[in-house]
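# Chain and residue survey
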Amino acid sequence: MTKYRVVRWLAYILEILAVFVLQETPGLIPAVFGVRPVAVVPTVLAIAMFEDENPAMLFGLFGGLLFDFGFGSMLGFHGLILAVVCRAVSHVASDLFRTNFFTSLILNTSVCLVLTILQWACFYVLPGYQDAGYALAVHYLPIALYTVALTPITYYFNRALAMQIREKEE
Amino acid sequence: MKDVFHSTGSKILVALVFAMIALMLYTSNASGSVTAKLFGYLTIPMQRVSTMVANNAAVAAGGSGKSKDELAAENQKLQQQVDELNKKLVNYYTYQQENAQLRKFLELKSQNPDFKPVAAAVVGRDPNNIFGQFTIDQGTQSGIKQNDPVVTEAGVVGWVSSVSSTYSKVTTILSPDTKLSAVDKVTRETGVIGCDAHSADTGILKLLYLSEGTKVTAGDLIVTSGIGGIYPRNLIVGTVKSVKHSDTDVSLYAEVSPAVSVKEVRDVMVITSFQGQGEALESFSSSGGK
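Starting from 1, residues in each chain are numbered consecutively following that chain's sequence as written. As a convention, the first chain written is A and the first ligand written is 1, with the rest following in written order. Given that the model is predicted, a residue must reach a pLDDT of at least 70 before its local features are reported, and side-chain atom pairs must reach 80 or more before they are shown or counted; all residues, however, enter totals for whole chains, interfaces and linings.

Strands are runs of DSSP state E lasting at least two residues, helices are runs of H or I lasting at least four, and both sets are numbered from the N terminus onward. For chain A, the helix and strand inventory stands at 7 helices and 0 strands. N-terminal to C-terminal, the α/β element order of chain A is α-α-α-α-α-α-α. Overall, chain A is about 55 × 35 × 30 Å in size when its C-alpha atoms are taken along their principal axes. Put simply, chain A has 170 residues, and 51% of those count as buried. Two residues qualify as being in contact provided that their C-beta atoms, derived from the backbone, are within 7 Å of each other. In chain A, 66% of the contacts between residues at least 6 apart in sequence involve partners at least 24 apart. Exposure is read from a count of other C-beta atoms within 10 Å of each residue's own; the residue is exposed at 12 or fewer, buried at 20 or more and partly exposed in between. C-beta atoms are placed from the backbone.

Put into structure tokens, the structure is as follows:
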């Protein structure tokens, strides 16, 4: 393991922590029509696009566990999903797709939609809350949309970070 | 493809899947477990700092920025002074906020000698929680327990739904998980305060199960009844806005404007002890009602 790889991984851990704190701190990320984005998700997905499968999976797990902690849900729910998804994204980005903004946007949109539907089903519909359709349309989908809208920031930031450190590594 | 499934990474992934499922089974909520405590120790101090910075950002930004072309040395000296004064100003506003908070704390305490309140700051609001659940920076170390009521000097905010050593999660009165016994201060009619996704959006509560001949009218003050042992008596919940017929049965309900804007509140008090706390709670809480 090279020194630069350790530096890169430390940078990713700090990035995920910083993004989580930004996401959770009241009033830091502006609310649009009352919804705020889940910035940790596009961050770990962007990291996964530029990392190998195993590190991508571990960063997904870390981001997902933070997500669970902030949300107050079962610890491990989002951790499990994001670990699997990030490993898959890393595999797809290295072997099947070209890594560019467009593919990043497609992957982010798909993951956010699946995650939103799962979250809505497990934490809104299953506990038996009323107006499930309304909650999906007015809260869950707008949150997913706002989260996807962060893709340019997370993609280009992590691309720049990965390229900077990889250049030095080579 | 065969290599993909036999690789070390795949084995790690499978192990991880089982570990996560075990973790989910071990803890059905994100509090109390060792992992949650670790995350709490890691992130709550950071969230506390970032919240303080966010709260004081406008103040801190106000005094910076000086011309630097003329009299560089003097400018540097002045800049130092500005920096020092800014720090003092940030401290001043922090102390001012604390002072105001303690005054309210004292007021509440003098009005209710049986209360044991703990002051806390809101350090986290998760974007996924649509009913305004938030995290406060005090936990069991400050004497906070699960189900303790959370209030401000203006009225009820919610209750502590989970607690760890250094932080607690608060479920607000806008959540459908909150069922609160309340009484109209004018007519003395009782009902249950509840909420759903529609009314939570507009920030309006519902006083449910009013009888057909109800005398509750707009402008009436709604307070806690104290029944159930979760909330003390006579804490202000809000003011009646209108009275409407229920969509599902013959009863009526009153729309209540809450006294506290729970989606924006920044400082709260947790009442860790009060007269009548826990009475009738054991039989009541088994049904999940609050």
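To continue, consider the interface of chain A and chain B. With 42 residues of chain A at the contact, the number on the chain B side is 38 residues. Those elements that provide at least two residues to the side of chain A that touches chain B are helix H1 (3-24), helix H3 (53-71), helix H4 (77-96) and helix H6 (132-148) of chain A. With 10 residues, the single largest contributor to the side of chain A that touches chain B is H3 of chain A. Split by residue class, the side of chain A that touches chain B holds 24 nonpolar, 12 polar and 6 charged. As a working rule, the residues Ala, Val, Leu, Ile, Met, Phe, Trp, Tyr, Cys and Pro are called nonpolar, Asp, Glu, Lys and Arg charged, and the rest polar, with Gly in that last group.

Time to look at the sheet that holds strand E1 (residues 117-125) of chain B. All names here are of chain B. For two strands to be treated as a pair, DSSP must find at least two bridges joining them. Sheet architecture is closed into a barrel: 6 strands sit in the order E1-E2-E5-E4-E3-E12, paired in antiparallel fashion. Direction aside, neighbouring strands of the sheet carry axes that sit 45° apart on average. Sheet topology note: the strand E2 (residues 134-136)/strand E5 (residues 168-172) ladder contains 3 bridges and is antiparallel. Along E5, the bridge assignment pairs Thr 135 with Lys 169. As a rule, the C-alpha atoms of each element are fitted with a line to give its axis, helices using only the stretch in contact, and angles between N-to-C directions run from 0 to 180 degrees.

All right, on to the nonpolar core then. Note on terminology: a nonpolar core is a set of buried residues of type Ala, Val, Leu, Ile, Met, Phe, Trp, Tyr or Cys, with members joined through C-beta atoms within 7 Å. Grouped together as the largest cluster of nonpolar side chains are 108 residues, with contacts concentrated most on Val 40, Val 44, Leu 45, Phe 59 and Cys 86 of chain A together with Val 157 and Val 268 of chain B. The element contributing the most residues to this core is H3 of chain A, with 11 residues. When near neighbours in sequence (up to four residues on either side) are disregarded, Val 44 of chain A contacts Ile 16, Phe 59, Gly 60, Gly 63, Leu 82 and Cys 86 of chain A.

Here Ala 54 of chain B lies in helix H3 (residues 34-62). Placed 158 residues apart in sequence, Ala 54 of chain B and Glu 212 of chain B show a C-alpha to C-alpha distance of 49 Å. If near-sequence neighbours (up to four positions away) are discounted, Ala 54 of chain B is found in contact with Thr 25, Gly 27 and Leu 28 of chain A.

Turning to the packing of H4 of chain A against helix H2 (residues 8-26) of chain B, a few remarks are in order. Where H4 of chain A meets H2 of chain B, the closest approach of the two axes is 8 Å, and the angle between their N-to-C directions is 165°. Relative to H2 of chain B, the element H4 of chain A is oriented roughly antiparallel. Note on packing geometry: the crossing formed by H4 of chain A with H2 of chain B is left-handed. Contact with H4 of chain A, carried on its side by Phe 77, Gly 79, Leu 80, Ala 83, Val 84 and Arg 87 of chain A, involves Leu 13, Leu 16, Val 17, Met 20 and Met 24 of chain B of H2 of chain B and no other residues of that element. The residue inventory of the contact of H4 of chain A with H2 of chain B, partitioned by class, reads 9 nonpolar, 1 polar and 1 charged. Each angle is binned into one of four classes, with values under 35 degrees roughly parallel, values over 145 roughly antiparallel, values of 65 to 115 roughly perpendicular, and all other values oblique. Each crossing gets its hand from how the near helix is turned against the far one by less than a right angle, where anticlockwise is left-handed and clockwise is right-handed.

Moving on to the packing of H3 of chain A against H2 of chain B. At a minimum axis separation of 10 Å, H3 of chain A and H2 of chain B run at an interaxial angle of 15°. One element, H3 of chain A, and the other, H2 of chain B, form an angle in the roughly parallel class. For the pair H3 of chain A and H2 of chain B, the sense of crossing is left-handed. In this structure, H3 of chain A contributes Glu 53, Asn 54, Met 57 and Leu 61 of chain A to the contact, and H2 of chain B contributes Gly 9, Ile 12, Leu 13 and Leu 16 of chain B. Of the residues belonging to the contact of H3 of chain A with H2 of chain B, the class tally is 5 nonpolar, 2 polar and 1 charged.

All names here are of chain B. Judged by pairing direction, the barrel is antiparallel, and its 6 strands sit side by side in the order E6-E7-E8-E11-E10-E9 before closing back on the first. Geometrically, the sheet is characterised by an average inter-axis angle of 40° between neighbouring strands, direction not taken into account. In terms of strand pairing, strand E6 (residues 180-184) meets strand E9 (residues 221-224) through 3 bridges, oriented antiparallel. The partner of Asp 184 across the bridge, within E9, is Ile 222.

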